[in-house]
Amino acid sequence: MSDAGTPAPATSGRREKVAFRFCRECSNMLYPHEDRIGNILMYRCRTCQATESASNNCVFRNTLGGSTGETAGVTTDVGSDPTLPRSMKPCPKCGENECVFFQSQQRTEDTKMRLFHVCCSCGTIH
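Residues numbered from 1 in each chain as written. Predicted model: local features only at pLDDT ≥ 70, side-chain atom pairs only at ≥ 80, totals over all residues. Heavy atoms only, no water.

**Q** So what exactly am I meant to see when it comes to the pairing of strand β7 (residues 98–103) here?
**A** Side-chain direction in a regular strand flips from residue to residue, so the side chains alternate between the two faces of the sheet. One ladder, built from three bridges, connects strand β6 (residues 86–88) with β7; its direction is antiparallel. Within β7, the position partnered with Ser87 by the bridge is Cys99. Here β7 pairs with strand β8 (residues 115–119) via five bridges, running antiparallel. Considered in β8, the bridge of Gln103 is made with Leu115. (Pairing = 2+ DSSP bridges. Helix = DSSP H or I, 4+ residues; strand = E, 2+ residues; numbered from the N terminus.)

What follows is the structure, encoded as structure tokens:
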């Protein structure tokens, strides 16, 4: 077995990127493998059996994130929803007075209690 392999992935910030590794001998993908004798994480080629030691114990990171807008999922037809409360606030686009309102559905620490008004006539969110 050879000890040749690809260099460790580049770091960005305080977290190291988890990236695919490729064998230097046959260019096939390296897969995580446990060295049971040394009890360490290795990467091994399934084709030529070349191995390399892992510089980081993380082999997969599922980053749940992304920012959804406060009005994500709101469609223009919410004005016809009979369960939403109604208000008489003029629409800045069409001037119609009737609108429905609801609170932001985003659940984060910094979310304030913010009301969104949707015009029943044109569907503008204001």
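Now that the structure is up, let's keep going.
**Q** Can you help me understand unusual backbone geometry in this one?
**A** Glycine aside, a negative phi is what most residues show, and trans is what most peptide bonds show. Despite not being glycine, Ser27 shows a phi value in the positive range, around 65°. Accessibility expressed as a relative area gives 57% for Ser27, which makes it exposed. Positioned with a positive phi, Asn39 is a non-glycine residue whose angle comes to about 55°. Structurally, Asn39 can be placed in the loop between β3 (30–35) and β4 (40–45). (Buried < 20%, exposed > 50% of the residue type's maximum accessible area, 1.4 Å probe, protein only.)

**Q** Got a minute to help me understand the sheet that holds strand β5 (residues 51–53) in this structure?
**A** In sheet architecture, strand pairing relies on hydrogen bonds along the backbone and comes in two forms, parallel and antiparallel. The three strands lie next to each other as β3-β4-β5, forming an open sheet whose pairing is antiparallel. Whereas interior strands pair on both sides, the edge strands pair on one side only; in this sheet they are β3 and β5. Between one strand axis and the next, the sheet turns by 35° as a mean value, whatever way the strands run. Direction of pairing for β3 relative to β4: antiparallel, over a ladder of six bridges. Each bridged residue has a counterpart across the sheet, and for Tyr31 the counterpart in β4 is Arg44. (Axes fitted to C-alpha atoms, helices over the stretch in contact; angles between N-to-C directions.)

**Q** Got a minute to help me understand the UniProt feature "zinc finger region: C4-type" (unreviewed entry) in the chain in this structure?
**A** On the UniProt side, "zinc finger region: C4-type" (unreviewed entry) is annotated at positions that read residues 23–48 here. Strand forms 46% of residues 23–48 and helix 0%; the C-alpha atoms that close the span are 9 Å apart. (UniProt positions renumbered as here; feature names shortened; annotations may be inferred.)

**Q** How should I be thinking about the pattern of salt bridges in this particular structure?
**A** Side chains carrying opposite charge are able to pair once their charged atoms draw close together. For the coordinates displayed, the defined rule picks out two salt bridges. The shortest N-O distance in the salt bridge between Glu52 and Arg21 comes to 2.5 Å. Separated by 31 residues along the polypeptide, Glu52 in strand β5 and Arg21 in the loop between β2 (15–16) and β3 bring together distant segments of the chain. Take Glu52: its relative accessible area is 5%, and that puts it in the buried class. Between Glu98 and Arg86 there is a salt bridge, and its shortest N-O distance comes to 3.6 Å. Here Glu98, found in strand β7, pairs with Arg86, found in strand β6; they are twelve residues apart in sequence, far enough to count as distant. On the basis of relative accessibility, which here comes to 32%, the residue Glu98 falls in the partly exposed class. (Salt bridge = Lys/Arg side-chain N within 4 Å of Asp/Glu carboxyl O.)

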